[in-house]
Structure formats: C-alpha cells, structure tokens
Amino acid sequence: MALTFLKRTMNSLCAVLGIGNSSSIHKVAPGTDILSIAPNLSLQKACTWDEAFNSNFSTTPLEDIFKDKKVVIFGILGAFTGICSDEHVPNYKNNIDKFKEKGIDSVICVAINDPYTMNEWAEKLQAKDAIEFYGDFNGRFHKSLKLVTDLSHALLGTRSERYSAYVVDGKIKALHVERDPTVVTVSDAQTILKEII
C-alpha cells in the first residue's frame, strides 16, 4: 500500500510539474567528468561509529574512487528501504562476477545516508564483500550532479535519484536514471553490463 501511494504521488508530482522524464533536468550526462563538476568532494565509506571515530571521521575523496579506474556506481533512495533492499542491491550482488569479468575495478552503492546506517544495511544484506557502500551524508555529491529528488511526502526528505552509471577515469560513459524511483527498470545490473565494452 505504501509503495502504491509513493508511486501515485511521484506520478502526480511529475504531471503537475510537467516533467515527462526526470532525466531532462539532470546536470550530468554521458561525457560528464564527475571530478570536474564535483571537485574536492568526498564520500564516506560504510563503517561503524568506532571505525569512523578512530579514523578521525575521515572521508574518501572522489579522486580516490574514480581516477584511473573503471567503476559502476548505482544510487538508491536510502538504506533499509523496500525496493533498494529487496531488488536493487541483490541484483548487483548477484551479478558481481560479470562485472569483474568485464574489468570493472569496483561496484559502488551510494545513498544520501550516514555511513553507519549504510554499514548496518550492507551487513544485513551480506553484500559488503561484493559491493562498496558509501554514504553521502549531506547530499553534496548528488546535489552537485543534480541527481536528487524530494521524497518528503514519504518522510524521506531529499534523496538520491535511483540511477546507475558506468564511469571511466571520472568520466560518465553511460547513465540510466529511473523516471519512477519506486521501480528498477533501467538502473539494474543487466542494463549497465550491456554498456561496458
């Protein structure tokens, strides 16, 4: 019932705003250099509070994540949310060997969440060995890319769009953003795998 409400609300909002395809308002597109439009930003790798405290709350610069690497990144609405837990992350986890066969250095899941929540969630899904989880605790990364959506009506506030991207040396080679964030149709592992040559 909650999922149906969320879908209806999102569809109504898009209709009221005249948004046929949310990707038309995004700043990023294939060819965009993430390191240029989001300079000096970092993400927070999933960890426990004690691990963060002992590292003086260190973060991971985007350069360390993307530079000279082939990366698949997918954005979700939030840790412990239905579709993200039941479908999106398991879909990538179950295809991790195919990504490795294609020479992908890392598969990353990121959400506008704190790294502690992301860590608990990743452990619950038993996915930390396959996927790297990062928190974008203040949303600066996603706001820089204009990959945010307002889900206040579902008590989630500002969240990441549901998307997937294939990134080589910081440059987006392929990007798929869901028109309806409550489903996984174009941001799944199989779709992005076809983009990797």
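What you see is a predicted model, and the numbers here were worked out from it, not measured in a lab.

Reading guide: rules and limits
Residues numbered from 1 in each chain as written. Predicted model: local features only at pLDDT ≥ 70, side-chain atom pairs only at ≥ 80, totals over all residues. Heavy atoms only, no water. Helix = DSSP H or I, 4+ residues; strand = E, 2+ residues; numbered from the N terminus. Buried < 20%, exposed > 50% of the residue type's maximum accessible area, 1.4 Å probe, protein only. Contact = heavy atoms within 4.5 Å. 1 Å grid on protein atoms, 1.4 Å probe; cavity = no way out; pocket = protein on both sides within 12 Å on 5 of 7 lines; lining within 4 Å. Points joined across faces, edges and corners; volume = space filled by probe spheres on them. Nonpolar A, V, L, I, M, F, W, Y, C, P; charged D, E, K, R; others polar. Core = buried A, V, L, I, M, F, W, Y, C linked by side-chain atoms within 4.5 Å. Patch = residues over 30% accessible without salt bridge, like charges linked within 9 Å, V, L, I, M, F, W, Y side chains within 5 Å. Areas by Shrake-Rupley, 256 points an atom, 1.4 Å probe, with all protein chains shown as cover. Salt bridge = Lys/Arg side-chain N within 4 Å of Asp/Glu carboxyl O. Lys, Arg positive; Asp, Glu negative; His and termini not counted. Charge placed at Lys NZ, Arg CZ, Asp CG, Glu CD. Pairing = 2+ DSSP bridges. Right-handed = clockwise from strand over helix to strand, strands pointing away. Polar contact = N/O pair within 3.5 Å; in protein donor to acceptor, adjacent residues only side chain to side chain. UniProt positions renumbered as here; feature names shortened; annotations may be inferred. Phe/Tyr/Trp six-rings, centres within 6.5 Å; stacked < 30°, edge-to-face > 60°.

### Here we look at the environment of Ile96
Topologically, Ile96 is positioned in helix α6 (residues 96-101). For Ile96, a relative accessible area of 11% gives the class buried. Between the C-alpha atom of Ile96 and that of Ile131, which follows or precedes it by 35 residues, the distance is 7.9 Å. Setting aside residues up to four positions removed in sequence, Ile96 forms contacts with Val107 and Ala130.

### Description of empty space enclosed by the protein
Summed over the entire model, instances satisfying the criterion amount to one cavity of 30 Å³ or more. The calculated volume of the largest cavity comes to roughly 40 Å³. Taken together, Val28, Ile34, Ile73, Phe141, Leu145, Leu147, Tyr163, Ala165, Ile172 and Leu175 form the lining of the largest cavity. Of all elements in the fold, only α8 (140-145), β8 (163-168) and β9 (171-177) reach the threshold of two or more residues within the lining of the largest cavity. Here the residues of the lining of the largest cavity sort into 10 nonpolar, no polar and no charged.

### Here's the deal with the nonpolar core
Among the nonpolar cores identified, the biggest contains 28 residues, and Phe99 and Phe133 are the most heavily contacted of them. Excluding anything up to four places from it in sequence, Phe133 contacts Gln44, Lys45, Ala46, Val89, Cys109, Met118, Trp121, Ala122, Ala127 and Lys128. Among the nonpolar cores identified, the runner-up in size contains 23 residues, and Leu35, Leu41, Phe141 and Leu175 belong to it.

### A short note on a negative patch on the surface
A surface patch of like charges, here negative, comprises Asp50, Glu51, Glu120 and Glu123. Residue assignment for the negative patch shows that the elements contributing at least two residues are α3 (49-54) and α7 (115-124). Looking at the secondary structure, you find Glu123 in helix α7.

### What about the pairing of strand β5 (residues 132-135)?
Across two bridges, the pairing between strand β1 (residues 42-45) and β5 is antiparallel. Across the sheet, residue Lys45 finds its bridge partner in β5, namely Tyr134. Pairing geometry for strand β4 (residues 106-111) and β5, over four bridges, is parallel. Bridge pairing in β5 places Ile108 opposite Glu132. You can see the chain leave β4, run along α7 and come back into β5, and the turn it takes is right-handed.

### Some thoughts on α7
Burial in α7 covers these residues: Pro115, Met118, Asn119, Trp121 and Ala122. Against β1, α5 (82-93), β4 and β5 lie the buried residues of α7. For α7, the N-terminal capping position is held by Asp114, with its side-chain oxygen 2.9 Å away from the main-chain nitrogen of Tyr116. Positive backbone phi, at 55°, marks Gln126, one or two positions downstream of α7.

### Here's the deal with the UniProt feature "active site" (unreviewed entry) in the chain
In this structure's numbering, the residues bearing the UniProt feature "active site" (unreviewed entry) are Cys84. Assignment of secondary structure puts Cys84 in helix α5. Judged by relative accessible area, Cys84 falls into the buried class, the value being 0%. In this view, Cys84 contacts Ile76, Leu77, Gly78, Val89, Pro90, Trp121 and Arg162; residues no more than four positions away in its chain are not counted.

### Remarks on the packing of aromatic side chains
If you walk through the whole model with that rule in mind, you get six aromatic pairs. Judged by centre distance (5.8 Å) and plane angle (85°), the rings of Trp121 and Phe133 are edge-to-face. You can see Trp121 sitting in helix α7 and its partner Phe133 sitting in strand β5, a full 12 residues away along the chain. On the basis of relative accessibility, which here comes to 2%, the residue Phe133 falls in the buried class. Through pairs of rings, three or more aromatic residues link up here, namely Trp49, Phe53, Phe57 and Tyr116.

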